[in-house]
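# Chains, contacts and geometry: an overview
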There are 2 protein chains.
Amino acid sequence: MNSFMSENTVIVGQKPTMNYVLACLTLFHQGFNDVVIKARGKAISKAVDVANIVQKKFIPTVKVKSLELGSERLVTEKGNVVNLSTITITLTKR
Amino acid sequence: MNSFMSENTVIVGQKPTMNYVLACLTLFHQGFNDVVIKARGKAISKAVDVANIVQKKFIPTVKVKSLELGSERLVTEKGNVVNLSTITITLTKR
């Protein structure tokens, strides 16, 4: 979890898919060989879209290096405990 | 893709998450060592939830054996071509 906010990480949330695709492309063009895409809950589908679009439409040499599922316990404002699924997709140019 | 409709596959769609969790548990109890969870598009997040719930709440010995991302081209009724992301999660009891 130390890498959660590292420089080459894109956290996928509620913005349009292409914003995150652009963020990944920017990181690759800055010279990172690996880009990590993270998402929780309903954004997981969007994270998978982002990984596919980067590979299929922009940088065909990019591959999925690793894929990880997980879950996080969150406490809502009302004090309820919610389990949220997470995904971590590492793309690599090498 | 030949395994898409094989006996030990659960296709996650628009029904409530627990329906699919129950389907996985049923397959494990029928004696399958592996259960394959598949989903497309927005159901991907739900498929990850299903995998997590089966592992964390019901059968702690179950592990993720393999994880695969992909995409499919679909033609809509209006003739538009849509790319849909897919996920395949294989859970194993071994």
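Here's what I pulled together on the structure shown here.

What counts and how
Residues numbered from 1 in each chain as written. Chains lettered and ligands numbered in written order. Predicted model: local features only at pLDDT ≥ 70, side-chain atom pairs only at ≥ 80, totals over all residues. Heavy atoms only, no water. Contact = heavy atoms within 4.5 Å. Buried area = accessible area lost by both parts, 1.4 Å probe. Salt bridge = Lys/Arg side-chain N within 4 Å of Asp/Glu carboxyl O. Polar contact = N/O pair within 3.5 Å; in protein donor to acceptor, adjacent residues only side chain to side chain. Helix = DSSP H or I, 4+ residues; strand = E, 2+ residues; numbered from the N terminus. Pairing = 2+ DSSP bridges. Axes fitted to C-alpha atoms, helices over the stretch in contact; angles between N-to-C directions. Least-squares fit on C-alpha atoms with pLDDT ≥ 70 in both. Expected span 1.5 Å × (residues − 1). Buried < 20%, exposed > 50% of the residue type's maximum accessible area, 1.4 Å probe, protein only. Arc of directions from axis to C-beta.

All right, on to the interface of chain B and chain A then. The figure often quoted for interface size is the accessible area lost as the parts come together. With 19 residues of chain B at the contact, the number on the chain A side is 19 residues. Around 1,400 Å² of area is buried between chain B and chain A when both sides are counted, 59% of it from carbon and sulfur atoms. Considering only the surface of chain B that becomes buried against chain A, Ser45(B), Leu67(B) and Leu69(B) emerge as the three largest contributors, covering 37% of it. At the surface where chain B touches chain A, the tally comes to zero salt bridges. Across the contact surface, chain B and chain A share 13 residue pairs in polar contact (both at pLDDT 80 or more). Residue assignment for the side of chain B that touches chain A shows that the elements contributing at least two residues are helix H2 (43–58), strand S3 (63–75) and strand S4 (81–92) of chain B. With seven residues, H2(B) is the single largest residue contributor to the side of chain B that touches chain A.

All names here are of chain A. Judged by pairing direction, the sheet is mixed, and its four strands sit side by side in the order S1-S2-S4-S3 without closing on themselves. Because the sheet does not close on itself, it has two edges, and the strands there are strand S1 (9–12) and strand S3 (63–75). Taken over all neighbouring pairs, the strand axes of this sheet differ in orientation by 20° on average, direction set aside. Bridge analysis of S1 against strand S2 (residues 34–40) gives four bridges, and the strand direction is parallel. Of the residues in S2, the one forming a bridge with Ile-11 is Lys-38. This element, helix H1 (residues 17–29), spans S1, S2 and strand S4 (81–92) of the sheet and lies at about 180° to S1. Against the sheet, helix H2 (residues 43–58) engages S1, S2, S3 and S4, with an angle of about 5° to S4.

A separate point is the relation of the copies chain B and chain A. With an axial shift of 0.0 Å and an RMSD of 0.0 Å, the rotation relating chain B to chain A amounts to 180°. Overall, the copies show the geometry of a two-fold rotation axis. Residues of chain B ranked by C-alpha distance from the rotation axis are headed by Ser45(B), positioned 2.7 Å from it. Most of the interface of chain B is mirrored in chain A, where 100% of its interface residues again form contacts.

For an α-helix the count is 3.6 residues per turn, leaving residues at separations of three or four pointing the same way. Residues and elements named next belong to chain B. Over its 13 residues, helix H1 (residues 17–29) extends 19 Å from the first C-alpha to the last, a length consistent with the 18 Å expected when each residue adds 1.5 Å. Where H1 is concerned, the buried positions are Tyr-20, Val-21, Cys-24, Leu-25, Leu-27 and Phe-28. Summarising the axial view, the buried residues of H1 lie within an arc of 160°, below the 170-degree limit, and thus occupy one face. Exposed residues pointing more than 90 degrees away from the buried face of H1 are listed as Leu-22 and His-29. Of the residues trailing H1, Gly-31 is marked for its positive phi of about 110°.

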